[in-house]
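Read off the chains here:
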Amino acid sequence: MIKTTLNDLAILDGTPAFPERLHVGRPNIGNRETFLRYINNILDSRLLTNNGPLVQELEKRIADMVGAKHCIAMCNGTTALETVGRALELKDEVLVPSFTFIATAHSLQWQGITPVFCDIDPATHNIDTKKIEALITPRTTGILGVHVWGRPCDIEALVEIAKKHRLKLFFDAAHAFSCSYKGRMIGNFGDAEVFSFHATKIFNTFEGGAVVTNNDDLAKKIRLMKNFGFMGYDNVGYIGINGKMSEVHAAMGLSGLEILNDFIAVNKRNYERYRQELKGIPGISMISYNEREKCNYHYIVLEIDDAVTHISRDRLLETLWAENVLARCYFYPGCHKQVPYAFGYSRAGIKLSETERLGQRILIFPTGTAISTDDISGICQIVKFAVEHGPELSKRLIALGRNGI
Ligand SMILES: *Cc1c(COP(=O)(O)O)cnc(C)c1O
């Protein structure tokens, strides 16, 4: 498995280092016995959905864990973001980073709200709070912050800006379940925060998400809105949506929550192994998590400086894929460069230099309970070997017309 000559690389002549594909975001699976017991109870009770006992239990446990007053479980994070935007009565323009998963932007645009993209701070990958005020117009109604990689954005600065300009402030905390900011759990900030429990996240309910808030009125409104706006059996008070979580999804959540700390421990172990194995490879740096806060360590994020590695990020990526290491380039090229926001959109054509630069440098590596520390050593050995032979490997890949996947 150890690569000793260039021809050992699978992209040239060799055998893939891994017989099976290693994915980013392969799901963590909760306690199987617990899950199956819940499923039997669900079938026996015929309580399948509509705010059933397992959804209520999951909401209570998450609210307790976060230390927030309200948790409203929903069918997914995107619908939860849309519902919060709606409940906050946002309109016209809302500020968001472009360096995020596309759903952050879509959740606004889908409601007829223009996402106004702000650049990021390259040191944190989060929205650059120094660049926000220049983007505020009389039409701005809110700010949607994102805790990219589970590292909280500069919440204090955002709170100040929102207060000064009388804007609503909420957070896409899809990455930040079980993370803290200045000692306080994510879920307690702004008007509301939204988690995603999609299969690829640290903690999943197959599909799912939740709104967490300390605002009683907002929580009440969101509860009604996610259930078609029903205030009583035959009484509709709002335009609502079907944003409910089912009992099966909640069962998966409860069986995962039981061993969430094990998932985090595995992620931390993996993170430390990556750090150790990648140390000293020129041109390769890995983002770090603040050990003084609670972190979920769910994203292994590398930056590739190709002036130093002499192999481009895209060729390194293709080299890894050939070895069955399916690294990813989240969130290249940035939301503002994707078709719906690059064409026929009121702010098409904006330039966000840091977002664009980071998008070209970034690689996300596999972690989670599906990845062993031996896998990680093997993955890092390929990276190290590719960089050691950067100039020559590049030359050969260029000759073969291999310029990225
Ligand atoms: C996963 C994710 C979402 C969407 O959540 P879903 O539950 O898949 O709808 C939104 N924002 C970010 C940053 C995400 O990573």
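Here the structure is a predicted model, which is why all the values come from computation and not from measurement.

1. Topic: the side chain of histidine 175
Moving on, step 1. Structurally, the position occupied by histidine 175 is in the loop between β6 (168–172) and β7 (180–181).
Moving on, step 2. The class for histidine 175 is buried, based on a relative accessible area of 10%.
Moving on, step 3. Engagement of the side chain of histidine 175 in a polar contact is seen with the backbone nitrogen of tryptophan 149, the distance being 2.8 Å.

2. Section: the site of the ligand
Moving on, step 1. Taken together, 14 residues are adjacent to the ligand, and Gly77, Thr78, Asp172, Ser196 and Lys201 come closest.
Moving on, step 2. One of the side-chain nitrogen or oxygen atoms of serine 196 is found 2.7 Å away from an oxygen atom of the ligand.
Moving on, step 3. Within the backbone of glycine 208, a nitrogen or oxygen atom sits 3.5 Å from an oxygen atom of the ligand.
Moving on, step 4. In isolation the ligand offers 380 Å² of accessible surface; the protein chains occlude 92% of this area.
Moving on, step 5. Its residues placed into classes, the shell around the ligand shows 3 nonpolar, 9 polar and 2 charged.

3. A few points about the pattern of salt bridges
Moving on, step 1. This model, assessed by the stated rule, comprises 23 salt bridges.
Moving on, step 2. We note a salt bridge from aspartate 119 to lysine 131, for which the minimum N-O separation is 3.6 Å. Residue aspartate 119 is found in the loop between β4 (114–118) and β5 (140–146), and its partner lysine 131 is found in the loop between β4 and β5; the two are separated by 12 residues along the sequence.
Moving on, step 3. Residue class for lysine 131 comes out partly exposed when judged on its relative accessible area of 34%.
Moving on, step 4. Linked by salt bridges that have partners in common, Lys91, Asp92, Glu93, Arg139 and Arg347 make up one network.

4. Structural notes on the sheet that holds strand β13 (residues 284–286)
Moving on, step 1. Taken in spatial order, the 3 strands of this open sheet run β13-β14-β16, and their pairing is antiparallel. Both outer strands of the open sheet, β13 and β16 (362–365), are each paired with one neighbouring strand and no more. Strand-to-strand twist across the sheet, computed as the mean angle between neighbouring axes with direction ignored, equals 30°.
Moving on, step 2. Docked against the sheet, helix α8 (residues 260–278) engages β13, β14 (300–304) and β16, running at close to 155° with respect to β13.

So, how was this worked out
Residues numbered from 1 in each chain as written. Predicted model: local features only at pLDDT ≥ 70, side-chain atom pairs only at ≥ 80, totals over all residues. Heavy atoms only, no water. Helix = DSSP H or I, 4+ residues; strand = E, 2+ residues; numbered from the N terminus. Buried < 20%, exposed > 50% of the residue type's maximum accessible area, 1.4 Å probe, protein only. Polar contact = N/O pair within 3.5 Å; in protein donor to acceptor, adjacent residues only side chain to side chain. Near = heavy atom within 4 Å. Areas by Shrake-Rupley, 256 points an atom, 1.4 Å probe, with all protein chains shown as cover. Nonpolar A, V, L, I, M, F, W, Y, C, P; charged D, E, K, R; others polar. Salt bridge = Lys/Arg side-chain N within 4 Å of Asp/Glu carboxyl O. Pairing = 2+ DSSP bridges. Axes fitted to C-alpha atoms, helices over the stretch in contact; angles between N-to-C directions. Contact = heavy atoms within 4.5 Å.

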